[in-house]
Amino acid sequence: MCNLKDHLKKAREAKIAIGHFNISNVETLWAIFDAARALGQPVIIGVSEGERNFIGVRQAASLVQSLRNEFDYPIFINADHTHDFEGVKKAIDLGFDSVMIDGSQLLFDENVALTKKCVAYAKDVKKKEGRTVLVEAELGYIGTSSTVLDTIPDGAGADMTPPDVAGRFVEMTGVDLFAPSVGNIHGIVTSGNPHIDVKRVKDIAETADCHLVLHGGSGIGDEDIRGGIRAGISVVHVNTEVRVAFREGLEKGLKEDATVAPYKYMDKARKSVYDLVYKKIQLFANFS
Ligand code: G3H
Ligand code: ZN
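**A short note on the packing of aromatic side chains**
Inspection of every chain in the model, using the stated rule, returns nine aromatic pairs. Here the aromatic rings of Trp-30 and Phe-71 are separated by 6.2 Å at their centres, their planes lie at 90°, and the arrangement is edge-to-face. Highlighted residues: Trp-30 in helix 2 (residues 26-39) and Phe-71 in helix 4 (residues 57-71), separated in sequence by 41 residues. The exposure class of Phe-71 is partly exposed, given its relative accessible area of 26%. Put simply, the rings of Trp-30, Phe-33, Phe-71 and Tyr-73 pair up and form one aromatic cluster.

**Examining the coordination of the zinc ion (ligand 2)**
Coordination of the zinc ion (ligand 2) by the protein involves His-81 (NE2), His-186 (NE2) and His-215 (ND1), with metal-donor separations of 2.0 to 2.1 Å. Counting the intervening residues between successive donors of the zinc ion (ligand 2) yields the motif H-x104-H-x28-H. A residue pair is termed long-range when its members are at least 10 positions apart, and His-186 in the loop between strand 7 (177-180) and strand 8 (188-189) and His-215 in the loop between strand 9 (211-214) and helix 9 (222-231) qualify at 29 residues. You'll find His-186 and His-215 in the same group, each marked buried.

**So, the sheet that holds strand 2 (residues 43-47)**
The parallel closed barrel is built from eight strands, whose spatial order is 1-2-3-4-5-7-9-10. Adjacent strand axes in the sheet meet at a mean angle of 25° when their direction is disregarded. The sheet contacts of helix 6 (residues 108-129) involve strand 4 (98-101) and strand 5 (134-139), and relative to strand 5 the element is tilted by about 175°.

**Quick look at the side chain of His-7**
Looking at the element boundaries, His-7 is found in helix 1 (residues 4-14). Under the relative-accessibility criterion, His-7 is labelled buried at 11%.

**Observations concerning the site of ligand 1**
Around ligand 1 sit 15 residues in total, of which Asp-80, Ser-146, Gly-187, Ser-218 and Thr-240 are the nearest. His-186 has a polar side-chain atom sitting 2.9 Å from an oxygen atom of ligand 1. Residue Asn-239 places a main-chain N or O atom 2.8 Å away from an oxygen atom belonging to ligand 1. Within the complex, the protein chains bury 99% of what would otherwise be the 300 Å² of accessible surface of ligand 1. Taken together, the residues of the shell around ligand 1 break down into two nonpolar, 12 polar and one charged.

**Focus: the packing of helix 10 (residues 240-256) against helix 11 (residues 262-284)**
Their axes nearest at 7 Å, the elements helix 10 and helix 11 cross at an angle of 145°. The chirality of how helix 10 crosses helix 11 is right-handed. Listed contacts from helix 11 to Glu-241, Val-242, Ala-245, Phe-246, Gly-249, Leu-250, Lys-252, Gly-253, Leu-254 and Glu-256 of helix 10 are Tyr-265, Met-266, Lys-268, Ala-269, Ser-272, Val-273, Leu-276 and Lys-280. Residues belonging to the contact of helix 10 with helix 11 are distributed by class as follows: 10 nonpolar, three polar and five charged.

Conventions used here
Residues numbered from 1 in each chain as written. Chains lettered and ligands numbered in written order. Predicted model: local features only at pLDDT ≥ 70, side-chain atom pairs only at ≥ 80, totals over all residues. Heavy atoms only, no water. Phe/Tyr/Trp six-rings, centres within 6.5 Å; stacked < 30°, edge-to-face > 60°. Helix = DSSP H or I, 4+ residues; strand = E, 2+ residues; numbered from the N terminus. Buried < 20%, exposed > 50% of the residue type's maximum accessible area, 1.4 Å probe, protein only. Donors = N, O, S within 2.8 Å, 3.2 Å for Na, K, Ca; no water. Pairing = 2+ DSSP bridges. Axes fitted to C-alpha atoms, helices over the stretch in contact; angles between N-to-C directions. Contact = heavy atoms within 4.5 Å. Near = heavy atom within 4 Å. Polar contact = N/O pair within 3.5 Å; in protein donor to acceptor, adjacent residues only side chain to side chain. Areas by Shrake-Rupley, 256 points an atom, 1.4 Å probe, with all protein chains shown as cover. Nonpolar A, V, L, I, M, F, W, Y, C, P; charged D, E, K, R; others polar. Left-handed = near helix turned anticlockwise from the far one by under 90°.

Quick look at the structure:
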């Protein structure tokens, strides 16, 4: 079966993006997997430090691998927003397909040094075990919370990533994936999410020799997402909207059914996430 690297290459050639959706539980995982399978698209499951500590780091990896193996399906797992080398090493050792080292709040040189250390470790694993683990890094602060916000957090998105700096960062670190600040913000901003600077995405795609990732996919309008993908985005991260869909579905399930059986009231949450992810994948894969 093709690995994540192969699927990213195919996505870029087709000018579409692969959806990356975060999970905190197995119900959400099934909903995402079912939606991706219904549309025949590869999918990436993201687990941030908090999410994977809740599920269990090894267990998160095993769950995704079990779906991949049983259904012979391109579903991958990413150690999203990892803040130190130890976390990256653990995820790589446990079989994650990709790791995201988040040094976005460090000074440029510190971010470069930490990212390089992670890339070197992934390369070492490739040499010793033949396993490909992709490394992603972020440059430019876009906030930290996948939640519903009244306003944009202080400083988030204030300094968008300059294309020449992006090119230099990617060359210095050798990352496979790069997450810039291009108008994207983590979370849904109720007073209005900013727009994507599509021209900047295009310029970064021309200077940075790797795949581009759009974080903070929640709350961004469909046209902006389409423009970003056309300009060179290969992966779109969505978390807050998944969390909102899960919660709304769960509340519905609890309200409409007095059952105490989790597999009954949680089914509404699963359906709600499925519907959301189905629409997002259609958008990212450019289904008309
Ligand atoms: O890494 C996760 C994403 O960037 C999620 O952002 O919560 O705005 O969808 P979001
Ligand atoms: Zn993110």
